[in-house]
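# Breakdown of the fold
Here's the letter readout for the chains.
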Amino acid sequence: MREDKNIVKEKFRKSRKQKKGIVISDKMNKTILVSETKRIKHKYYGKSIIKKKKYMAHDEKNISKNGDEVKIMETRPLSKNKCWRLISILKKSK
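Residues numbered from 1 in each chain as written. Predicted model: local features only at pLDDT ≥ 70, side-chain atom pairs only at ≥ 80, totals over all residues. Heavy atoms only, no water.

## Overview of the sheet that holds strand β4 (residues 69-74)
Quick note on the threshold: In short, DSSP must find at least two bridges between two strands for them to pair. Each helix is a run of DSSP H or I of at least 4 residues and each strand a run of E of at least 2, with the numbering of both proceeding from the N terminus. Orientation is described by lines fitted to C-alpha atoms, with helices fitted over the stretch in contact, and by angles between N-to-C directions that extend from 0 to 180 degrees.
Sheet architecture is closed into a barrel: 5 strands sit in the order β1-β2-β3-β5-β4, paired in mixed fashion. Taken pair by pair, the neighbouring strands of this sheet meet at an average axis angle of 50 degrees, ignoring direction.

Right, dumping it as structure tokens:
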């Protein structure tokens, strides 16, 4: 019975949004600032445009540093601006 609840919980968690980005600030306690970069084409002219978006994410153990490539997942609001949490570090910076 216990295992069934965990399986259902994992399926629910997989439905949440996930994003990849680069840590641009780790100066706050248990919080990182992640920048996501997207390349899209302009609808009319066809030129590729770079769009950037910043997300504040919860980093419980303060393990990520500036320049790390990380994966974040959507979660309940943890503060005024913070509704994402760190899942894993994909690539460490030098």
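That was the structure; now back to the text.
## As for the packing of aromatic side chains
Under the convention used in this document: Any two of the Phe, Tyr and Trp rings considered here, Trp counted by its six-membered ring, make a pair once their centres fall within 6.5 Å; the pair's planes then place it as stacked at under 30 degrees, edge-to-face at over 60, or tilted in between. Whether a residue is buried, partly exposed or exposed follows from its accessible area with a 1.4 Å probe, protein chains only, as a fraction of its type maximum: under 20%, in between, or over 50%, in that order.
On inspection of all chains with the given rule, the structure shows 2 aromatic pairs. Arranged with centres 4.8 Å apart and planes meeting at 85 degrees, the rings of Y44 and Y45 form a pair that is edge-to-face. The exposure class of Y44 is exposed, given its relative accessible area of 67%.

## Side note on the pairing of strand β2 (residues 31-41)
Bridging between strand β1 (residues 18-25) and β2 involves 3 bridges; their strand directions are antiparallel. Its bridge partner being in β2, S25 is matched across the sheet by L33. Hairpin geometry of β1 and β2 is characterised by an intervening segment of 5 residues between the two adjacent antiparallel strands and by a positive phi of about 60 degrees at K30. In this structure, β2 lies alongside strand β3 (residues 48-58), joined through 11 bridges in antiparallel fashion. The residue bridging K38 from the neighbouring strand is K51, located in β3. Here β2 hands over to β3 after 6 residues, with G46 in that stretch at a positive phi of 80 degrees.

## Focus: the environment of I50
Our working definition: Note on contacts: a residue pair qualifies if any of its non-hydrogen atoms lie within 4.5 Å across the two residues.
Of note, I50 is situated in strand β3. For I50, a relative accessible area of 49% corresponds to the partly exposed category. Between the C-alpha atoms of I50 and T37, which are 13 residues apart in sequence, the distance is 6.7 Å. Ignoring anything within four residues of it in the chain, the contact list for I50 reads T37, K38 and R39.

## Thoughts on the pairing of β1
As paired elements, β1 and β4 share 5 bridges and run antiparallel to each other. Each residue of the ladder has a partner; that of G21, found in β4, is V70.

## Description of the nonpolar core
Here is the rule we go by: Think of a nonpolar core as a cluster: buried Ala, Val, Leu, Ile, Met, Phe, Trp, Tyr and Cys residues, connected wherever their side-chain atoms sit within 4.5 Å.
Counting residues in hydrophobic clusters, the biggest one holds 9 residues: V23, I32, V34, Y55, A57, V70, I72, W84 and L86. Among the elements of the structure, β2, β3, β4 and β5 (82-91) are those that each provide at least two residues to this core. Apart from residues lying up to four places away in sequence, I32 is in contact with V23, S25, D26, Y55, M56, A57, D59, S64 and L86.

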